[in-house]
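Structural characterization, general
The residues making up each chain are set out below.
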Amino acid sequence: MWKAMLGEAWLAMGANRLRSILTMLGMVIGVGAVVIMLAIGQGAQYAVQQSISTMGANLFILLSGSFTTAGVRSGSSGAPTLNVGDAEAISELEGVANVAPTHQGTRQLVYGAQNWSATVVGTTPPYLEARAWTIASGAAFGDSDVRSATRVALIGKTVAENLFADDDPVGKTMRIQQNPFTVVGVLGSKGQSFDGRDQDDTVIIPLSTAQRKVFGTPFLGSVRMIMVQAASADEMATVEKNVEALLRQRHRLREGMPNDFFSRNLSAVAESEAETTRTMSILLGAIASISLIVGGIGIMNIMLVSVTERTREIGIRMAIGARQKDILTQFLLEAVMISFAGCLIGLLIGLAVALGINFFTGMVVVISGSAALIAFVVAATVGIFFGWYPARKAARLDPIEALRYQ
Amino acid sequence: MSEAVIRVVGLGKSYATAAGLFPALRGVDLTIQAGEYIAIMGPSGSGKSTFMNLLGCLDTPSVGDYFLAGERVAEMDKDALAQLRNRTLGFVFQGFNLLPRMTLQDNVALPLVYAGKDKDSRRAAARRMLDKVGLAAYAESLPSRISGGQQQRVAIARALVNQPRLILADEPTGNLDSHTSEEIMRLFGELNAEGITIVLVTHEPDIAAHARRQVRFLDGRLVSDQFTDACGDAAVGTLPESSLEGGAR
Ligand SMILES: Nc1ncnc2c1ncn2[C@@H]1O[C@H](COP(=O)(O)OP(=O)(O)O)[C@@H](O)[C@H]1O
Ligand SMILES: [Mg+2]
């Protein structure tokens, strides 16, 4: 029975091939759009998630300088308001896992005849743990290197590849601002950060060396930035509050005076970035699904035409014993079949385009098995939903009226 | 006396037209016994088709009662009517009404799809029926590839495929030439000889002569009912409208 009806639905589709194909096109475009948007949206989400997990957890940074009520930052031209002592004091606080005063900027690196420009971060060893850096080869520098301002450097994968090419960088000497630095280790790869920067394009050196040899600050001991990592997400708020109180006390700020530093919760920024991509991908999907509805309406339209055109056929079928249920099933099946075929083609085209986007632009796309499932469910739903009314109209025809129809 | 296949009592049908209700059929009483071969005659517009459509459960009467194989049709729902059309009777139309996109075999097998038969038995039964009407060789052809007379034979095969005991045919030879008409009538004769009750509408006397009983319609009324012998030339008698208990055998 079912097989016979499927066969008939197939025949009916084939009888009006161009029309069936055009009807399908609506579904093809709709499903294709949804699949592409899902792949791109999920890809963006994946990329952000990935970079958040490589950024390090529960981080906030303290920036020196203060915000006036007018929003003008002061102090950036004078001496930084934060110093290494602040960092040491913060590390004594309850719930603080790592504290690293840092000073960073972009500098030119030279090795042999090679040139490369990268972000140079002057900091202390806890920085590595806070930012979840791993050491791929060689070893990290220690506190003694910071104390005696040795010229050692850890380099990221991008730097290693571009500056040293096939050479093993560990033990080699490169120049930053004319100063020779010995590469003691290569950092494990992290990929892009959530704001799209290459995190591996980094050189990490001791803070003291950086200030003396690379950035040349006149205010030794002062830092523009301190990175703080809380021991857990729950302790973030308390740690942030305690750090603020501590710094106000250390900087002798009286009641009513504004902070001379600024605290920025990196994890929260990353979270909101993730939230933004999530919203964006939902929005993309929603917009794409509108085309599905348009496709569904196309199916309904054609099915209505088909019912009218085939009124006589329906009459004949009823005259030889088709029940209302049989006629309903027949037309519903046809609608679902068109919808399903459209979905299948749309799915394939969508996947091909998504892979093409990935191949030609390098944009991350995620193709999940659920996309196929979604397409399948959507096909059945759209077919049944938009095929229902025409099919019911066919089933409710009066046999004799239908037979008389010319 | 055999059991009545069809019994109608005071059957009437009015159509709603722009000029108001038009009574196409008025107070028809008729009883048809199993195994009869009856021709319904009358001028165009006399209500023959209206009557056949009621007998075929395709339409519902405005007044009166219709008993098919002893059951009161008025009390049945749409699915039960569909089942009657599917199994109890076979309808043959003037215009053949085959489905143009299906092969002859699929056309013949279609009632079996709605009877829920499996594919193999559908195919076997359709082949048997096509063979019976002499068209087995065309099983895989489309209706457009064969002549009108052949199409009508396929339509008869379709009407027979579910083994109904009653065939209703509304001007089955109306679109056919006289030679082809004779072939169709021979087929009906054979079926009747097998015991199948046949009710056929025609306005050609020589077609009606194949039947053993002729009723005549005029302006929606049944005006005469006569039995002939099998050869169809001598009238056995005209019954008054009130006593229509058939069974001349
Ligand atoms: N659907 C309909 N609506 C209105 N009038 C109809 C309809 N069908 C038939 N009639 C009228 O009923 C009368 C009987 O028609 P019909 O049964 O087809 O006659 P016959 O088959 O004997 O030629 C005719 O006058 C015809 O015009
Ligand atoms: Mg007629």
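Check the entry above for the structure.
Remember, predicted model here, so these are calculated numbers, not experimental data. (Residues numbered from 1 in each chain as written. Chains lettered and ligands numbered in written order. Predicted model: local features only at pLDDT ≥ 70, side-chain atom pairs only at ≥ 80, totals over all residues. Heavy atoms only, no water.)

Describing the overall build of chain A
- The helix and strand inventory of chain A stands at 13 helices and 14 strands.
- Here the C-alpha atoms of chain A give a radius of gyration of 33 Å, more than 25% beyond the 22 Å that 2.2 N^0.38 yields for 406 residues.
- Referenced to the eigenvectors of the C-alpha coordinate spread, the extents of chain A come out at roughly 100 × 55 × 35 Å.
- In chain A, which comprises 406 residues, the share counted as buried stands at 47%.
- Pairs at least 24 apart in sequence give 78% of the contacts found in chain A among residues at least 6 apart. (Helix = DSSP H or I, 4+ residues; strand = E, 2+ residues; numbered from the N terminus. Rg over C-alpha atoms; globule rule 2.2 N^0.38 Å. Buried < 20%, exposed > 50% of the residue type's maximum accessible area, 1.4 Å probe, protein only. Contact = heavy atoms within 4.5 Å.)

Some words on the overall build of chain B
- From N to C terminus, chain B includes seven helices and 11 strands.
- Taking 249 residues into account, the globule formula puts the C-alpha radius of gyration at 18 Å, and chain B, at 18 Å, falls close to it.
- By its C-alpha atoms, chain B is 50 × 40 × 40 Å across when sized along the principal axes.
- Every one of the 249 residues in chain B was classed for burial, and the buried ones make up 53%.
- Here the contacts in chain B between residues at least 6 apart in sequence split such that 68% fall between residues at least 24 apart.
- Of the accessible surface of chain B, which amounts to about 10,800 Å², a share of 50% is contributed by carbon and sulfur atoms.
- Placing the 26 positive and 29 negative side-chain charges of chain B at their respective mean positions leaves the two points 6 Å apart. (Areas by Shrake-Rupley, 256 points an atom, 1.4 Å probe, with all protein chains shown as cover. Lys, Arg positive; Asp, Glu negative; His and termini not counted. Charge placed at Lys NZ, Arg CZ, Asp CG, Glu CD.)

Points about the site of ligand 1
- Residues in contact with ligand 1 amount to 13 residues; listed here are only the nearest, B:Gly45, B:Gly47, B:Lys48, B:Ser49 and B:Thr50.
- Mapping the residues adjacent to ligand 1 onto the chains of the assembly identifies chains A and B.
- B:Gly45 is positioned such that a nitrogen or oxygen atom in its backbone is 2.7 Å from an oxygen atom of ligand 1.
- Contact between ligand 1 and B:Gly47: an oxygen atom at 3.1 Å from a main-chain N or O atom of the residue.
- Starting from 560 Å² of accessible surface for ligand 1 in isolation, the protein chains cover 68%.
- Of all the secondary structure elements, the ones that give two or more residues to the shell around ligand 1 are strand E1 (4-17), strand E2 (20-33) and helix H1 (48-55) of chain B.
- Broken down by element, the residue count for the shell around ligand 1 peaks at three residues, all from H1(B).
- Counted by class, the shell around ligand 1 contains four nonpolar, seven polar and two charged residues. (Near = heavy atom within 4 Å. Polar contact = N/O pair within 3.5 Å; in protein donor to acceptor, adjacent residues only side chain to side chain. Nonpolar A, V, L, I, M, F, W, Y, C, P; charged D, E, K, R; others polar.)

Concerning the interface of chain A and chain B
- If you look at the interface, chain A gives 24 residues, while chain B gives 22 residues.
- Contact between chain A and chain B buries roughly 2,200 Å² in total, counting both sides, with carbon and sulfur atoms accounting for 60%.
- Taken together, the links from chain A to chain B amount to one salt bridge.
- Across the pair B:Arg101 and A:Glu313 runs a salt bridge, and its minimum N-O distance is 3.8 Å.
- Taken together, the links from chain A to chain B amount to five residue pairs in polar contact (both at pLDDT 80 or more).
- Mapped by element, the contributors of at least two residues to the side of chain A that touches chain B are helix H1 (2-15), helix H10 (311-319), helix H11 (324-361) and helix H13 (399-404) of chain A. (Buried area = accessible area lost by both parts, 1.4 Å probe. Salt bridge = Lys/Arg side-chain N within 4 Å of Asp/Glu carboxyl O.)

Focus on empty space enclosed by the protein
- Enumeration over the complete set of coordinates arrives at five cavities of 30 Å³ or more.
- Estimates place the volume of the largest cavity at around 80 Å³.
- In this structure, the largest cavity is lined by A:Ala319, A:Ile320, B:Arg85, B:Asn86, B:Leu89, B:Gly90, B:Phe91, B:Pro111, B:Arg158, B:Ala159, B:Asn162 and B:Pro164.
- When contributions to the lining of the largest cavity are tallied by element, the ones reaching two or more residues are helix H2 (78-88), strand E6 (89-92) and helix H5 (148-160) of chain B.
- Considering each element in turn, the lining of the largest cavity owes the most residues, three residues, to E6(B).
- A breakdown of the residues in the lining of the largest cavity according to their chemical character gives seven nonpolar, three polar and two charged. (1 Å grid on protein atoms, 1.4 Å probe; cavity = no way out; pocket = protein on both sides within 12 Å on 5 of 7 lines; lining within 4 Å. Points joined across faces, edges and corners; volume = space filled by probe spheres on them.)

A few points about the packing of aromatic side chains
- Applying the stated rule across the entire model yields five aromatic pairs over all chains.
- Note on A:Tyr111 and A:Phe164: the rings are 4.3 Å apart at their centroids and 40 degrees apart in plane angle, and the pair reads as tilted. One end of the pair, A:Tyr111, is in strand E5 (residues 96-111); the other, A:Phe164, is in helix H6 (residues 157-164), with 53 residues separating them in the sequence.
- We classify A:Tyr111 as buried; its relative accessible area is 16%.
- By relative accessible area, A:Phe164 is classed as buried at 2%.
- Ring geometry for A:Phe359 and A:Phe360: centres 5.0 Å apart, planes at 90 degrees, overall edge-to-face.
- On the basis of relative accessible area, A:Phe359 is assigned to the exposed category, the value being 66%.
- Across the ring face of A:Trp133, the terminal group of A:Lys190 is positioned such that the distance to the ring centre comes to 4.3 Å.
- Between the NZ or CZ atom of B:Arg7 and the centre of the ring of B:Phe67, over which it lies, the distance is 4.7 Å. (Phe/Tyr/Trp six-rings, centres within 6.5 Å; stacked < 30°, edge-to-face > 60°. Lys NZ or Arg CZ within 6 Å of the ring centre and 35° of its normal.)

Considering the sheet that holds E1(B)
Residues and elements named next belong to chain B.
- Strand order in the open sheet made by the four strands is E2-E1-E4-E5, with antiparallel pairing throughout. Each edge of the open sheet is held by one strand with a lone partner, namely E2 and strand E5 (71-72).
- Note that E1 and E2 share 10 bridges and pair antiparallel. For Tyr15, the partnering residue across the bridge sits in E2 and is Phe22.
- Taken strand by strand, H1 contacts E1, E2 and strand E4 (63-68), and its axis lies near 125 degrees from that of E1. (Pairing = 2+ DSSP bridges. Axes fitted to C-alpha atoms, helices over the stretch in contact; angles between N-to-C directions.)

Observations concerning unusual backbone geometry
- Phi is positive for A:Gln178, close to 75 degrees, though the residue is something other than glycine.
- Mapped onto the elements, A:Gln178 comes out in the loop between strand E9 (173-176) and strand E10 (179-187).
- At B:Cys57, a residue that is not glycine, the phi angle is positive and equals roughly 60 degrees.
- Take B:Cys57: it is sitting in the loop between H1 and E4.
- In this structure B:Cys57 comes out as buried when scored by relative accessible area, which is 3%.

Topic: the nonpolar core
- By size, the foremost hydrophobic cluster in this structure holds 78 residues, and its most contacted members are B:Ile6, B:Phe51 and B:Val199.
- The element that contributes the greatest number of residues to this core is H11(A), accounting for 11 residues.
- Those residues in contact with B:Phe51 that lie beyond four places of it in its chain are B:Val8, B:Leu11, B:Leu25, B:Val28, B:Leu30, B:Ile40 and B:Phe217.
- In this structure, B:Tyr37, B:Leu112, B:Val133 and B:Ile146 belong to the second largest nonpolar core, which totals 39 residues. (Core = buried A, V, L, I, M, F, W, Y, C linked by side-chain atoms within 4.5 Å.)

Examining the side chain of A:Arg248
Residues and elements named next belong to chain A.
- Inspection of the secondary structure puts Arg248 in helix H8 (residues 236-250).
- Although Arg248 is buried, it forms no salt bridge, and the closest oppositely charged side chain is Glu244 at an N-O distance of 5.1 Å.
- Among the polar contacts made by the side chain of Arg248, one reaches the main-chain carbonyl oxygen of Met257 at a distance of 2.8 Å.
- For Arg248, the contacting residues outside a window of four places in its chain are Leu253, Arg254, Glu255, Gly256, Met257, Pro258, Asn259 and Phe261.

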